[in-house]
Structure formats: C-alpha cells, structure tokens
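# Remarks on the overall topology
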Amino acid sequence: MLYERYLRAYAEQFRKTDRNMWNYEDGCVLVGLRALYQVTGDAFYFDVLNSFMERYIEPDGTIRRYVAEEYNLDYIQAGCALYTLYDETGESRYRKAIETLEEQLRHQPRTPCGSFWHKGIYPNQVWLDGLYMGLPFHAAYALRFGDAATLDDIMLQFRNARKYLYDGKTGLYYHAWNETKDVFWADPKTGLSQNFWTRSIGWYLMAMADIYAMLPDSRADLQKELAALWKEAIDGMLRWQEPDSGLFYQLPALPDVKGNYLETSGSLMVAYSLLKGARLGVLAEPKYRTAGEKILVGIELRQFTVHDGKVELHGICKGAGLGPAGNLRRNGTVEYYLSEDVVHDEQKGVGVCMMAYAEYLQAKQAGALTDDFPKVEIFNKGYDPIMPGDPAFIAFEKNRVGKTG
C-alpha cells in the first residue's frame, strides 16, 4: 500500500515539475514511470511520462537544454524512455530525439582501451555510473535501428570495467578509473579512485540487468559472459548487505566508520538487479529473490516517514562524484563521500524505487514471491498456549466433549 500510494502521488507532483534542464535525475523517474506502466498497464503512468517529456522534445525532435558537444553520458540515460514514447505514439519527434542521442555516442571520446569517457570534462575516465547512463540506450538502439554488432562493443566496456575496477578481496567495484592516471583523485599506480560507493555499484548492476534482458538468443555467447559478470558482482555486493535492515551503507565496505549510513538509492538499485535477475533466471537461487525482497521491506520499515501529513522517502545521497580538475573537494576520500547531503524524495532514489517496485509487482503477478519471507511469530508469553496433539489439549477436548455431550 505504502509504495503504491507514495509513488503514484510522487508521479502526480512530477508531472508538474520543470527543472529547465535535460538531466539524468529526472530520467530516473521517467524510466521508473515506464517500468510501472509496462507492468501495470495503468495509463496514468504513461500520461505522466508523455506530458513531462513533451516539454523537452520539440516538434522537430530537438531536445531542449541538451548540449551534444559536452559529450556527457548522463545526457543519454533519459533517452531510454523515448523508445516507449515512440512505440506508443508513433510521433516522429521521439524517433528524431533518439537519433540525436545515438549520434552523441557515435562520437563519444574513448579511453585507449576502448571505453567511453564519462564526460568531455572527464578525459580518459571510466565511471561505473556511465555504464548505466550510456550502454542500455546504446544497446536498445543497436537492436532496433542499428548494427547488432554494437553489442560486442558494449561487452568490451563491461570487460574493461571488470579488468580495471574490480577488487577481488572485497568482491566490489571501485567508483571510477582514470586510464592515464593523471587526475588528482586517481591512484598514480592503478588509476583507481579510493573507495567503493554503493550507488556507483548499483548503477553498474542495473546496467547489466537491463542489457542482459535485451540480448537476443542468437548471442548466447554474450548472454553467458554477461550473466557470469553479473552474478559475480551481485555475490560480491551481498557480502556487505547489512543483516537486519537488508540495506547497504553509503560506503559498503566500511560499515563501522563514524558517519556512514544506510543509503536508500543504492540499496534499491541492488534490489532491482536482484529481482530482475531472479525473474530472468540468471540469479535463480531463492536466496537472491529473498535478498531483493528484504531490501524493499527494509526501505519501507526504515526509510519512509510521515511528516506534516506527507510521506517522505529518506536516506538518499543527493550526489557524489570525482572532480573535475578544478573541484578538489570531490576527491574520493571517505570524508568526502560522507559529507555530501543526505536528502529525501530526490529523483534518483524515487525513480529507482519505481523500478524496483515494478520488479516486485511482476514477481507478485507471476506468483514468484518468496514463500517464507518475511517470517513472523505470534506473541504467546504468559498465555501458556496448548496446541492440537499436546496431551493437555487432548485432555481438554475430552473433558469439553464430555460436558457438552
């Protein structure tokens, strides 16, 4: 009840929002609305999605406030919703906007090893965030309108992430990597940033989930390879799941550091990946679905509050990044990640909440929810209950029947 009411009310408020910029934060909500529409068939979610996007896509397909020359992968993510809008409306402006974003990727600068730069202002830097921001859109374009061989290029970028950002000791991925090792936040020997950040790992896990779902059976080789990377990354992350709440700390490998906190958006990203992986059969063992459901229960119990008659979703890191060169505060230290604002009802957290809840609804519709989760107990202290089969119960029944017979 709480998820549905909150997300529906949020969507209605989102319909009225105009931030005057083309951005991935709103894009998360757009993708979340698409997911809820696809699962429920409720036209309300599509209407919000369409009315919001109509303000950004001009009749000639121009994307308002979009600057291609910035080569910003964050600008690509919102475009994933354009495919649904084009399918449902047939409007050419949405098709043209899709082409505009794909054209950026055709010219996106790359590192020497072949991965997209995260942004034009971040030369030779690969961020986990960017794999989600750019690659699902890129894959969808390739399979609909382009060259399916693009899937090999996408797989290369996942291989690069595994090769350069994965840490075998913790099972986690570092936030970012600078191939040329010449930016202030990067280790001069490895090029890696200093810490593991839950939301960046969450972006990565969602990218694998979304792209795996698109891979055609004709590319069983890519399905097998991506599934192995996905399972490895999920297993590594689950090592750091907080056992009582089911959530993950802002810095997952440092749960005991003062000021570290259970972070909502990244936890929901892990839930989305777990539940989608269970649905697709990649994460087939029951423990994965249970872990995903546990996160949703933990969010409902711990991160939602009611304040002044409003339901609020708390514990969302407003934003964290590395650099650019002139921003020395964003240096990737523990202190930095824990200094960023923690807010409520922010688009990244709510958009991913929509996505994770949509996966939950699919599991519910399919009758696939975990049978024995969550467990409950009946309070009986002092009641001294007797159960059928107990000698005391048998004697009680014999006595009762004798009195009434």
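Read on for a plain summary of the structure. (Residues numbered from 1 in each chain as written. Predicted model: local features only at pLDDT ≥ 70, side-chain atom pairs only at ≥ 80, totals over all residues. Heavy atoms only, no water.)

### Focus on the pairing of strand β8 (residues 310–313)
Note that strand β7 (residues 304–307) and β8 share 4 bridges and pair antiparallel. Within β8, the position partnered with Phe304 by the bridge is Leu313. Between β7 and the antiparallel strand that follows it, β8, lie 2 residues; Asp308 among them carries a positive phi value of about 55 degrees. (Pairing = 2+ DSSP bridges. Helix = DSSP H or I, 4+ residues; strand = E, 2+ residues; numbered from the N terminus.)

### Quick notes on the pattern of salt bridges
Under the counting rule described, the total for this entry stands at 26 salt bridges. A salt bridge links Arg110 to Asp153, with the shortest nitrogen-to-oxygen separation between them at 2.9 Å. Of this pair, Arg110 sits in the loop between α6 (92–107) and β1 (125–127) while Asp153 sits in helix α8 (residues 150–165); the two residues are 43 residues apart in sequence, bridging distant segments of the chain. Look at Arg110 and you get partly exposed, because its relative accessible area is 34%. The residue Asp210 makes a salt bridge to Lys276 at a minimum N-O spacing of 2.9 Å. With a gap of 66 residues between them, Asp210 in helix α9 (residues 198–214) and Lys276 in helix α11 (residues 264–280) connect regions that are remote in the sequence. Accessibility expressed as a relative area gives 9% for Lys276, which makes it buried. One salt-bridge network, in which partners are shared between bridges, spans Arg95, Glu99, Glu103 and Arg106. (Salt bridge = Lys/Arg side-chain N within 4 Å of Asp/Glu carboxyl O. Buried < 20%, exposed > 50% of the residue type's maximum accessible area, 1.4 Å probe, protein only.)

### Focus on α6
Helix length check: α6, at 16 residues, gives a terminal C-alpha distance of 23 Å against a target of 22 Å (1.5 Å per residue), a fit within 8%. In this structure, the buried residues of α6 make contact with α3 (43–54), α4 (74–77), α5 (80–89) and α7 (128–144). (Expected span 1.5 Å × (residues − 1). Contact = heavy atoms within 4.5 Å.)

### A short note on the nonpolar core
Ranked by internal contacts, the top residues of the largest apolar core, which has 117 residues, are Trp22 and Phe158. If we skip the residues at most four places from it in the chain, Phe158 touches Leu131, Leu135, Tyr204, Ala207, Met208, Ile211, Leu226 and Leu229. Trp127, Val183, Tyr336 and Leu338 belong to the second-largest nonpolar core, a separate cluster that totals 16 residues. (Core = buried A, V, L, I, M, F, W, Y, C linked by side-chain atoms within 4.5 Å.)

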